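Structural overview
Below, each chain spelled out in residue letters.
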Amino acid sequence: MNRTAALDAVVFGVDIQSGDVRGDAPSYALVVFDGESVERDVVSRRKLRRRIDAEEPAIVATDNMYELAEDKDALIHVLGSLPDETKLVQVTGDERPEPLSRVAKRHGVPYGKDPMEEAEAAARLAAANVGQEVSAFTDTTEVKVSRGRSTGKGGWSEDRYTRRIHGAVRKRAREVESELDAAGLEYERDVTEKYGGFSNAVFQVSARPQDIPVSRARSGDTRVEIERQRRDGIEFRPLAKRRDHVVVGVDPGTTTAAAVVSLDGTVLDVYSSRTDDAAATTEWIIERGRPVVVAADVTPMPETVEKLRRSFSAAGWEPETDLPVDEKKHRTREEAYDNDHERDAMAAALYAFDHHADQFERVAGKVPPQHDVGPVIDRVVAGEESVETVLRDLEDDDGDDEDATAHEPRELTDDEKEIKRLNARIERLESHVDDLKKTIQQKNDQLSEKDRQLEKARSEGRREVRKDREVTRLKRRNEALERDVEAEKEKREALADKLDRLKALWKLDHSNFADVSEKQEGLTPVKVVEQFTRDAIADADERFGLVEGDIVMFRDASGAGRSTAQQLADINPEVVLRNGNLSDVADQVLFDNDVPVAPAELVTVQEVDELAVARESEIEAAIEDWEDRAADRRKEQNAEMVDQIISEHRADRPTGESH
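Residues numbered from 1 in each chain as written. Predicted model: local features only at pLDDT ≥ 70, side-chain atom pairs only at ≥ 80, totals over all residues. Heavy atoms only, no water.

Another point: the overall build of the chain. Per the secondary structure count, the chain includes 16 helices and 22 strands. Counting all 659 residues of the chain, 37% fall into the buried class. In the chain, 61% of the contacts between residues at least 6 apart in sequence involve partners at least 24 apart. Accessible area for the chain stands at about 39200 Å²; split by element, carbon and sulfur atoms hold 46% of it. (Helix = DSSP H or I, 4+ residues; strand = E, 2+ residues; numbered from the N terminus. Buried < 20%, exposed > 50% of the residue type's maximum accessible area, 1.4 Å probe, protein only. Contact = heavy atoms within 4.5 Å. Areas by Shrake-Rupley, 256 points an atom, 1.4 Å probe, with all protein chains shown as cover.)

With that settled, consider the nonpolar core. Core analysis: the largest hydrophobic core is formed by 33 residues, its most contacted members being Val247, Val293, Phe360, Val363, Val376, Ile377 and Val381. The dominant element in this core, judged by the number of residues it contributes, is helix α9 (residues 340-366), at twelve residues. When sequence neighbours within four positions are dropped, the list of residues in contact with Ile377 reads Leu263, Val292, Phe360, Val363 and Ala382. Grouped together as the second largest cluster of nonpolar side chains are 25 residues, Leu68, Leu88, Ala136 and Phe137 included. (Core = buried A, V, L, I, M, F, W, Y, C linked by side-chain atoms within 4.5 Å.)

What follows deals with the sheet that holds strand β13 (residues 267-273). Pairing in this open sheet of five strands is mixed, and the strands run β13-β12-β11-β14-β15 from one edge to the other. Both edges of this open sheet fall to β13 and β15 (315-317), since each of them pairs with a single strand only. For this sheet the average axis-to-axis angle between neighbouring strands, irrespective of direction, equals 25°. With five bridges joining them, strand β11 (residues 245-251) and strand β14 (residues 290-295) adopt parallel strand pairing. Following the sheet pairing, Gly249 is matched in β14 by Ala295. Packed on one face of the sheet, helix α10 (residues 373-381) meets β11, β14 and β15 and runs near 40° to β14. (Pairing = 2+ DSSP bridges. Axes fitted to C-alpha atoms, helices over the stretch in contact; angles between N-to-C directions.)

Across the interface, helix α14 (residues 562-571) lies against helix α15 (residues 584-592) with an axial gap of 8 Å and an inter-helix angle of 30°. One way to sum up the angle between α14 and α15 is to call them roughly parallel. The two elements α14 and α15 cross, and the hand of that crossing is right-handed. Every residue of α15 that contacts α14 at Arg562, Ala565, Gln566, Leu568 and Ala569 is listed here: Val585, Ala586, Val589 and Leu590. (Parallel < 35°, antiparallel > 145°, perpendicular 65-115°, else oblique. Left-handed = near helix turned anticlockwise from the far one by under 90°.)

Let us look at the pairing of strand β10 (residues 222-238). Summarising the sheet, strand β6 (residues 132-147) and β10 pair through twelve bridges and their orientation is antiparallel. Looking across to β10, one finds that Thr141 is bridged to Arg228. Strand direction decides the pairing type here: strand β9 (residues 217-219) and β10, joined by three bridges, are antiparallel. Bridge pairing links Arg218 to Arg223 in β10. Hairpin geometry of β9 and β10 is characterised by an intervening segment of two residues between the two adjacent antiparallel strands and by a positive phi of about 60° at Gly220.

On to the side chain of Thr222, then. Positionally, Thr222 belongs in strand β10. In this structure Thr222 comes out as buried when scored by relative accessible area, which is 10%. The residues touching Thr222, leaving out its near neighbours within four places in the chain, are Ser146, Arg147, Gly148, Ala168, Val169 and Arg172.

Moving on, we get to the packing of aromatic side chains. Scanning the model with the defined rule gives four aromatic pairs in all. Judged by centre distance (4.8 Å) and plane angle (20°), the rings of Tyr271 and Trp284 are stacked. Separated by 13 residues along the polypeptide, Tyr271 in strand β13 and Trp284 in helix α6 (residues 278-286) bring together distant segments of the chain. Here Trp284 falls in the buried class, since its relative accessible area comes to 9%. Ring geometry for Phe353 against Phe360: centres 6.2 Å apart, planes inclined by 45°, an arrangement best described as tilted. Take Phe353: its relative accessible area is 12%, and that puts it in the buried class. (Phe/Tyr/Trp six-rings, centres within 6.5 Å; stacked < 30°, edge-to-face > 60°.)

We now examine the pattern of salt bridges. Within this structure, the stated rule accounts for 36 salt bridges. Across the pair Glu39 and Arg51 runs a salt bridge whose closest N-O atoms are separated by 3.1 Å. Here Arg51 lies in helix α1 (residues 45-55) and Glu39 lies in strand β3 (residues 38-44), a separation of twelve residues in the sequence. Residue class for Arg51 comes out buried when judged on its relative accessible area of 12%. (Salt bridge = Lys/Arg side-chain N within 4 Å of Asp/Glu carboxyl O.)

Take the pairing of β3 next. Looking at chain direction, strand β2 (residues 27-33) and β3 are connected through seven bridges and run antiparallel. Residue pairing in the sheet places Ser27 in a bridge with Ser44 of β3. What sits between the antiparallel neighbours β2 and β3 is a turn of four residues, in which Gly35 has the positive phi angle 100°.

With that settled, consider α9. In this model α9 runs 39 Å from its N-terminal to its C-terminal C-alpha over 27 residues, within 8% of the 39 Å that 1.5 Å per residue would give. Measuring from the backbone nitrogen of His341 back to the side-chain oxygen at the start of α9 gives 3.1 Å, which picks out Asn339 as the cap. (Expected span 1.5 Å × (residues − 1). Polar contact = N/O pair within 3.5 Å; in protein donor to acceptor, adjacent residues only side chain to side chain.)

What follows concerns a negative patch on the surface. Together, Glu574, Glu616, Glu620, Glu624, Glu627, Asp628, Asp632, Glu636, Glu640 and Asp643 give the surface a local cluster of negative charge. Relative to the helices and strands, Asp643 resides in helix α16 (residues 616-652). (Patch = residues over 30% accessible without salt bridge, like charges linked within 9 Å, V, L, I, M, F, W, Y side chains within 5 Å. Lys, Arg positive; Asp, Glu negative; His and termini not counted. Charge placed at Lys NZ, Arg CZ, Asp CG, Glu CD.)

Our focus in this paragraph is the sheet that holds strand β20 (residues 597-599). Strand order across the open sheet formed by four strands is β17-β18-β19-β20, with parallel pairing between neighbours. Sheet topology places β17 (527-531) and β20 at the edges, where each strand pairs with a single neighbour. Between one strand and the next, the sheet's axes are offset by a mean angle of 25°, whatever the strand orientation. Direction of pairing for strand β19 (residues 575-578) relative to β20: parallel, over a ladder of three bridges. By the bridge assignment for β20, Val576 is matched with Val597. Against the sheet, α16 contacts β18 (551-556), β19 and β20, and its axis sits at roughly 115° relative to β20.

So, about the packing of α15 against α16. Running from N to C, α15 and α16 point in directions that differ by 100°, and their axes come no closer than 12 Å. Between α15 and α16, the angle is such that the two are roughly perpendicular. Taking contact as the criterion, the partners of Asp587, Gln588 and Phe591 in α15 are, on α16, Trp626, Ala630, Arg633, Arg634 and Gln637. Grouping the amino acids of the contact of α15 with α16 by side-chain chemistry returns three nonpolar, two polar and three charged. (Nonpolar A, V, L, I, M, F, W, Y, C, P; charged D, E, K, R; others polar.)

A separate point is the environment of Arg40. With respect to the secondary-structure elements, Arg40 resides in strand β3. Its relative accessible area of 48% is what places Arg40 among the partly exposed residues. Arg40 sits 28 residues away from Phe12 along the chain, and the two C-alpha atoms are 9.9 Å apart. In contact with Arg40, other than residues within four places in its own chain, are Leu30, Val31, Met116 and Glu120.

On to unusual backbone geometry. With the exception of glycine, most residues fall at negative phi, and the peptide bonds are largely trans. With omega at -5°, the peptide bond leading from Thr299 into Pro300 counts as cis. Note on placement: Pro300 falls in the loop between β14 and α7 (303-312). Despite not being glycine, Asn129 shows a phi value in the positive range, around 65°. One can find Asn129 in the loop between α4 (115-127) and β6. Under the relative-accessibility criterion, Asn129 is labelled buried at 12%.

The following block contains the structure:
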């Protein structure tokens, strides 16, 4: 396995210094390695966790993950508590770890049996991308928006309180959805609708928490919780991806496309670009594997593809004649691609794999378990060596592993060269026979595919007929519903007009008032509130509405505070009629907001049930009386202010200062 580059980040190497992880207080040897400097310390478990949380290292490395947790459940808890950007890495492998000494020796890392030396070896190995990341969580994260408080007793209006909370949850859920859309993340949304909005909204996002532009929060009526989804068990993922041997198909031209297929025939990746040059295409291929075969879909192989093949020292493959479009479509029918160029590159790679598939299987069957199959196939297919020669070289390399000396292949005898040539010829002939068999099978598959397409077309036709019938039925149903909606709208408008007329009569036509019948136009409505409290004002607003310019009368005006008076001042009534005295603070707030206040006894208010009217002339007289008193009050306040300024000025003047 080749390593591309050392990790450019902080790594914590950890090993048990003393005690037992199952005990109460194990201590750890901790090495902090940033690629250059090394910090060593012995810390308790609690201090180790605090440093991880505070410094958020890229990796916490150990030779055995169960040195940090006594069992699987505890290990999952440790993984869940790590910072989002921190990985737990076992440098000795996965479920079947190797001895740390062997791994360190293989990668040229200093090693000693002391816990501090083992911790440093683990840190240096992880910094060089050696090891397996330990994971108990998927790359799916649940983001849940829910109520931030209970919808129980809400005071004067529980329904309004509940509606407000559910409305806030819906608003925050839509904000989260917009943030996920802006970040281009894929997600599924599930909401629970309740009175006034949502009680909660759950987003299953295909991303890790650190990649999601939403954070945990609790604010007022809503809260946002973020939780990464757990796996069924523990999973290991290598820090450095293996560059396995692959088959590559290339389609050159104005748009260059390339496809990578594994040695078992799986399409690994496909790519196309109108702007990338040959170097960029080569780099893309290098990142995904080591080409054993480079293929084209036309013959002869284009010069661009041939140069690419030579740069990788790979074998070439081209069809006997240009691959027909229908055959390329058939061969790639189960794969995803964005354009015809990607399809052609993928078809070239797959046909090249088909050509060599039996050869790959024969070679793989001869390779012992302790050796990788890819390098052997590469030397057999691209280097035209025999399997026996390659395996002999590998055995010689293993025998000389301690000295790590370079292998110098010996000169082949004439008989060995002839055997090698004949073996290669036999393999080519066997492959050709297999190709002919596969061509016959492909033709049969094409006939079957045509039959399936014909049946599919017939089925599509029948489905379209049913679809048209359903569309016609739904249109008729929709038209009927639209007619019902129009009728309901007309009824609602008629009722609204009737309500407006009733309101006008309610204000101006009261036969129960003895002196109203003489001159109705001299009367004005009065809105009566029982007490000068927030709940009473809100109750009146809900029953008959309080708006700017209303005449409001309080049966009991005592007890109002600053906030209650400000609530009334925000409505801005024409005049406030009081029974009883206002508190000083409420009187001052209304005065500061230019809200006239007059004793209720100055105005004759006549009531029937909840209806009340007063003479406009008396209202105007009460307002004029307040304005006169307000003018005097302002003069007194101004005079007091001037006296205070003069007093403060005299107090600030130095003693003995002459005028």
